[in-house]
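The chain contents come next:
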Amino acid sequence: EGAKIRTALIDSTGNVLLEQTDPTSQRKTEELTCQLIELIQTFKQRAPQYGQLVATGVGVPGLINLKTHKIEVLPNLPQISTTTLCDDIMQATGMQVIFDNDANLGAYGEWQCGVAQGYQNVIYVTIGTGIGSGIILNGQMWRGTTGFAGELGHTTINVDGIECACGNIGCLETVASGPNIVRRMQQRLYRDRTSSLTRFFMPRDREMTHEDIIQAAISGDELAQVVFERTGHYLGIALGGLINLLNPEMVIFGGSIMAVGNILLKPIIAETKQRAFGPCFDNCRIVAAQLGPLSGVIGAAILARDSFK
Ligand SMILES: [Zn+2]
């Protein structure tokens with residue numbers, strides 16, 4: 001999902017057999033390519049004790065062109081030039097590999113193996129380093145003309161906001177993504193020193209992360225809870241418009257930020273109710289991902305399974 005790479009070995013019904021998470025090599029394209037190839041090779045070597053490894057799916061936090069199979073934009077990994085990543089990985093591993101946007105894969109995972117099984121019109125929103133969404137309409141993935149559909153994180157939420165990694169001003173992502181939740185928390189801590197997180201202003205050996213804020217909120221830290229309430233407000237503004245536009249029967253929230261659970265989901269639902277048409281809101285379930293942070297890797301494996309069977 002940008003800052004981290006999650007790798008898993010998954011059986012044909014979506015069960016996770018092996019799983020590991022690594023920080024992303026962000027310095028150079030070659031390093032990232034090597035890291036991905038190594039991870040795939042390692043899992044390939046460990047696979048035979050579980051059964052035959054059929055295919056690999058790779059989720060990428062950016063725009064993948066359906067027609068050329070090229071990654072066109074990776075807003076949160078600007079130092080990575082992306083033109084040959086897919087080809088390089090396929091050549092080096094000798095495997096059948098599918099590449100897709102990570103949010104599309106999260107949607108696919110929840111649709112095939114998670115909370116959205118049996119549903120026809122579903123939007124999956126992932127909140128992590130960035131914010132993306134995958135859209136299922138009439139029982140099919142909606143990818144748009146060239147595969148770029150679902151960039152919910154880059155809808156404008158604040159016309160006077162700050163510049164986004166994509167170049168636009170005031171995108172949803174500039175206030176509600178993991179790094180921007182940290183940024184907003186830091187701003188509040190300058191004004192309010194009652195939070196348990198003020199310890200991050202003391203001499204310290206590391207920076208505050210969104211995991212720290214999630215833990216603080218769950219432990220009852222009021223300031224951290226207020227930051228998530230405000231984050232839910234922003235997400236609900238975007239979701240209200242999306243529900244009015246597409247009239248889905250379910251919206252799923254996943255990604256690493258959703259570890260905070262109802263502290264974020266409740267204000268999202270409250271704000272969406274304020275913003276959307278009543279009948280649209282009433283016919284839409286707004287829920288947390290059933291597969292938690294694994295929606296994307298499970299979706300990647302299951303889509304690879306379905307692509308090569
Ligand atoms: Zn943007």
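Here goes a summary of the coordinates provided.

What counts and how
Residues numbered from 1 in each chain as written. Predicted model: local features only at pLDDT ≥ 70, side-chain atom pairs only at ≥ 80, totals over all residues. Heavy atoms only, no water. Helix = DSSP H or I, 4+ residues; strand = E, 2+ residues; numbered from the N terminus. Rg over C-alpha atoms; globule rule 2.2 N^0.38 Å. Buried < 20%, exposed > 50% of the residue type's maximum accessible area, 1.4 Å probe, protein only. Contact = heavy atoms within 4.5 Å. Areas by Shrake-Rupley, 256 points an atom, 1.4 Å probe, with all protein chains shown as cover. Pairing = 2+ DSSP bridges. Axes fitted to C-alpha atoms, helices over the stretch in contact; angles between N-to-C directions. Parallel < 35°, antiparallel > 145°, perpendicular 65-115°, else oblique. Left-handed = near helix turned anticlockwise from the far one by under 90°. Nonpolar A, V, L, I, M, F, W, Y, C, P; charged D, E, K, R; others polar. Donors = N, O, S within 2.8 Å, 3.2 Å for Na, K, Ca; no water.

**What to know about the overall build of the chain**
Right, on to step 1. A tally of helices and strands in the chain yields ten helices and eleven strands.
Right, on to step 2. Relative to the 2.2 N^0.38 estimate, which gives 19 Å for 309 residues, the radius of gyration of the chain is 19 Å and therefore close to what a compact globule would have.
Right, on to step 3. For the C-alpha atoms alone, the extent of the chain along its principal axes is close to 55 × 50 × 35 Å.
Right, on to step 4. Classification of the 309 residues of the chain by burial places 52% in the buried group.
Right, on to step 5. Look at the contacts in the chain between residues 6 or more apart in sequence, and 63% of them connect residues 24 or more apart.
Right, on to step 6. When the accessible surface of the chain is split by element, carbon and sulfur atoms take 50% of a total near 14500 Å².

**Things to note about the pairing of strand S7 (residues 122–127)**
Right, on to step 1. The buried fraction of S7 is high, at six of six residues.
Right, on to step 2. Of the two faces of S7, the one holding Val122, Tyr124 and Thr126 and the one holding Ile123, Val125 and Ile127 are both buried throughout.
Right, on to step 3. Pairing between S7 and strand S8 (residues 131–137): six bridges, direction antiparallel. Across the sheet, residue Val122 finds its bridge partner in S8, namely Ile136.

**Topic: the packing of helix H6 (residues 210–218) against helix H7 (residues 222–246)**
Relative placement of two packed helices is described by the angle separating their axes and the distance separating the axes.
Right, on to step 1. Closest axis-to-axis distance for the H6/H7 pair is 7 Å, and the angle between their directions is 110°. It follows that H6 is roughly perpendicular to H7 by the angle criterion. Between H6 and H7 lies a crossing whose hand is left-handed. Counting all contacts with H6, which are made through Ile213, Ile214, Ala216 and Ala217, the residues of H7 involved are Ala224, Gln225 and Phe228.
Right, on to step 2. Split into classes, the residues belonging to the contact of H6 with H7 amount to six nonpolar, one polar and no charged.

**Here's the deal with the coordination of the zinc ion**
As a benchmark, a tetrahedral metal site with four donors has ideal angles of 109.5 degrees, while an octahedral site with six donors has ideal angles of 90 or 180 degrees.
Right, on to step 1. Protein-derived ligands of the zinc ion are His154 (ND1), Cys164 (SG), Cys166 (SG) and Cys171 (SG), with the metal-ligand distances lying across 2.0 to 2.3 Å.
Right, on to step 2. Site description for the zinc ion: donor spacing in sequence, H-x9-C-x1-C-x4-C.
Right, on to step 3. Relative accessible area serves as the criterion here: at 7%, Cys164 is assigned to the buried category.

**Points about the sheet that holds S8**
Right, on to step 1. A sheet is described by the order of its strands in space; here five strands give the open sequence S9-S8-S7-S10-S11, paired in mixed fashion. The sheet is open, and its two borders are formed by strand S9 (140–142) and strand S11 (285–288), each paired with just one other strand. This sheet shows a mean twist of 25° between the axes of neighbouring strands, independent of strand direction.
Right, on to step 2. Pairing of strand S10 (residues 250–254) with S11, which is carried by four bridges, proceeds in the parallel orientation. Across the sheet, Ile252 pairs through a bridge with Val287, a residue of S11.
Right, on to step 3. Contacts from helix H8 (residues 262–275) reach S7, S10 and S11, with the element oriented near 165° to S11.

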